[in-house]
Amino acid sequence: MAAETKNSRPVPSVWARGRREPDQPALSRDAIVREAVAMLDADGIEALSMRKLGARLNAGATSLYRHVATKDELMELAVDEVAAEIHVPSADGSAGPDGPDWRAVVAEAAGSFRATALRHPWLASVLGQAGLAYLGPNLMAFSERLAALFTAAGFAEPGRVIEPVLSYVIGVSTTEAAWLTTVARSGETEADFVARLMPAAQQAAAPYAHLAAEYAASAAESADPAALREGKFAYGLDVVLDGLALRLPE
């Protein structure tokens, strides 16, 4: 009996239970998730609550709970909603005389992931915390397309190859989104904010030779900080892909 009771416990994820039919024509799970994403984009995770969400939808929290059992489930749904924006191109479209250019396709997919994370600054920071979000259909489709790409490129274990790529992209995007949130709160453009910050940063780095050289180089490029961020992302991704290329059979 104990084993039966244990095995009958529900899995705490929105993807592990059936979808409830709407009790109000104007209130559906899709509408709830769209409004939650809008709130997250505008005000961040801390501002999202079932009570505030219900007020914006002109519905009580009880009505929301008929569709989404907890805030954790809501975050799973929100993550999968924006994951639909991530584009993984077909490897066939990048084929050359020696077969598909898997690096170009992975770079494009990684860039799309990063762009999505920067449009939704809360996304990268919650991916590891949003329950079983990776079971959502959009994230599953994204992972499936990447797995097919790496398999076609010749990798024997595509799942193990996907992990370092996503870890790099998520890590960089988390830091970058936090930085852009700080810039946005300043009310300045990124270039103006960097220009105002740079003297203090250079002064703090002055006792450290390597860091001082880095800041001196950054100061020369600070007129276009977006391009600088883009270049750093591309360089780091190349390093990851260089390492993965060594795992391919000869």
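First, a word on scope: everything that follows refers to the structure included in this document.

The rules we used
Residues numbered from 1 in each chain as written. Predicted model: local features only at pLDDT ≥ 70, side-chain atom pairs only at ≥ 80, totals over all residues. Heavy atoms only, no water. 1 Å grid on protein atoms, 1.4 Å probe; cavity = no way out; pocket = protein on both sides within 12 Å on 5 of 7 lines; lining within 4 Å. Points joined across faces, edges and corners; volume = space filled by probe spheres on them. Helix = DSSP H or I, 4+ residues; strand = E, 2+ residues; numbered from the N terminus. Phe/Tyr/Trp six-rings, centres within 6.5 Å; stacked < 30°, edge-to-face > 60°. Buried < 20%, exposed > 50% of the residue type's maximum accessible area, 1.4 Å probe, protein only. Lys NZ or Arg CZ within 6 Å of the ring centre and 35° of its normal.

### Quick word on empty space enclosed by the protein
- Going through the model one piece at a time under the given rule, you end up with two cavities of 30 Å³ or more.
- As a volume, the largest cavity reaches approximately 40 Å³.
- Along the walls of the largest cavity sit Val106, Ala109, Ala110, Phe113, Phe142, Leu146, Val165, Leu166 and Val169, which together make up its complete lining.
- Only α6 (102–119), α8 (137–153) and α9 (158–186) provide two or more residues apiece to the lining of the largest cavity.
- When residues of the lining of the largest cavity are assigned to their parent elements, the largest contribution, four residues, is made by α6.

### With respect to the packing of aromatic side chains
- Tallied over the entire structure, the rule returns six aromatic pairs.
- Aromatic side chains Phe113 and Phe142 sit 5.6 Å apart centroid to centroid with 55 degrees between the ring planes, which places their arrangement in the tilted category. Note that Phe113 is positioned in helix α6 and Phe142 in helix α8, a separation of 29 residues in sequence. Of the two residues, Phe113 and Phe142, both sit in the buried class.
- Relative to Phe155, the ring of Phe150 has its centre 5.5 Å away and its plane inclined at 85 degrees; by these criteria the two rings are edge-to-face. The same class applies to Phe150 as to Phe155, namely buried.
- Every member of this aromatic cluster is reached through a ring pair, and the members are Trp102, Phe150 and Phe155.
- In this structure, Arg114 packs its charged tip against the face of Phe233, placed 5.0 Å from the ring centre.

Scope: geometric values only; no functional claims are made or implied.
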